[in-house]
Amino acid sequence: MKNIVYGLTAVLTTDEAADAVLDYAAALAHAGLADTVAVPTVDAFGSSTTTSFLLAPALGILIEDAADDPLGPDTTAFVDEISWRARAVRCTPPQG
């Protein structure tokens, strides 16, 4: 499990989801784009929830290791979608 630290808040998600968000944020920043993502996360009580983020070039995120949580959310579909978005951003020719 990993925490995504955004501003003054940290949210818990799977390693794969956190890594995919960071990769997508880097692709967006390189392209000068922004997007929102709804990440499957775990709240302070251990319940599955969703946390939305704005990913933009001027907004930094931090990924840090966290203790494993056996009740972590299923992030397979989310990781597939965000990985696809990152590839699409990287393959899109610059506009101008």
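Quick caveat, the model's predicted, so the values are computed rather than measured. (Residues numbered from 1 in each chain as written. Predicted model: local features only at pLDDT ≥ 70, side-chain atom pairs only at ≥ 80, totals over all residues. Heavy atoms only, no water.)

Asker: Which residues make up the packing of helix H1 (residues 15-31) against helix H2 (residues 76-91), and what values do they have?
Answerer: In contact at an axis separation of 9 Å, H1 and H2 are set at 20 degrees when each is read in the N-to-C sense. If you check the angle between H1 and H2, you find them roughly parallel. Relative to H2, H1 is oriented so that their crossing is left-handed. Residue-level inspection shows Glu16, Ala17, Ala20, Val21, Asp23, Tyr24, Ala27, Leu28 and Ala31 of H1 in contact with H2, the latter providing Phe78, Val79, Ile82, Ser83, Arg85, Ala86, Val89 and Arg90. Among the residues forming the contact of H1 with H2, the class breakdown is 12 nonpolar, 1 polar and 4 charged. (Axes fitted to C-alpha atoms, helices over the stretch in contact; angles between N-to-C directions. Helix = DSSP H or I, 4+ residues; strand = E, 2+ residues; numbered from the N terminus. Parallel < 35°, antiparallel > 145°, perpendicular 65-115°, else oblique. Left-handed = near helix turned anticlockwise from the far one by under 90°. Contact = heavy atoms within 4.5 Å. Nonpolar A, V, L, I, M, F, W, Y, C, P; charged D, E, K, R; others polar.)

Asker: Could you give an account of the environment of proline 73, with specific residues and numbers?
Answerer: Tracing the sequence through the fold places proline 73 in the loop between strand E5 (62-65) and H2. Taking the relative accessible area as the measure of exposure, proline 73 reaches 9% and is therefore buried. For the pair proline 73 and alanine 10, spaced 63 residues apart in sequence, the C-alpha to C-alpha distance is 16 Å. The residues contacting proline 73, other than those within four sequence positions of it, are Met1, Thr13, Thr14, Pro40, Thr41, Val42 and Ser48. (Buried < 20%, exposed > 50% of the residue type's maximum accessible area, 1.4 Å probe, protein only.)

Asker: Now, about H1: what can you tell me, with residues and values included?
Answerer: In this model H1 runs 25 Å from its N-terminal to its C-terminal C-alpha over 17 residues, within 8% of the 24 Å that 1.5 Å per residue would give. Buried residues belonging to H1 abut strand E1 (2-6), strand E2 (9-13), strand E3 (35-42), strand E4 (48-55), E5 and H2. Positive phi shows up at glycine 32, right after H1, with a value of about 70 degrees. (Expected span 1.5 Å × (residues − 1).)

Asker: Report on the packing of aromatic side chains, specifying residues and quantitative values.
Answerer: Summed over all chains, the structure comprises 1 aromatic pair. Look at tyrosine 6 and phenylalanine 53: their rings are 5.2 Å apart centre to centre, the planes differ by 80 degrees, and that puts the pair in the edge-to-face class. With tyrosine 6 in strand E1 and phenylalanine 53 in strand E4, this pair connects stretches of sequence that are 47 residues apart. For tyrosine 6, a relative accessible area of 24% translates into the label partly exposed. Overall, phenylalanine 53 belongs to the buried group, its relative accessible area being 4%. (Phe/Tyr/Trp six-rings, centres within 6.5 Å; stacked < 30°, edge-to-face > 60°.)

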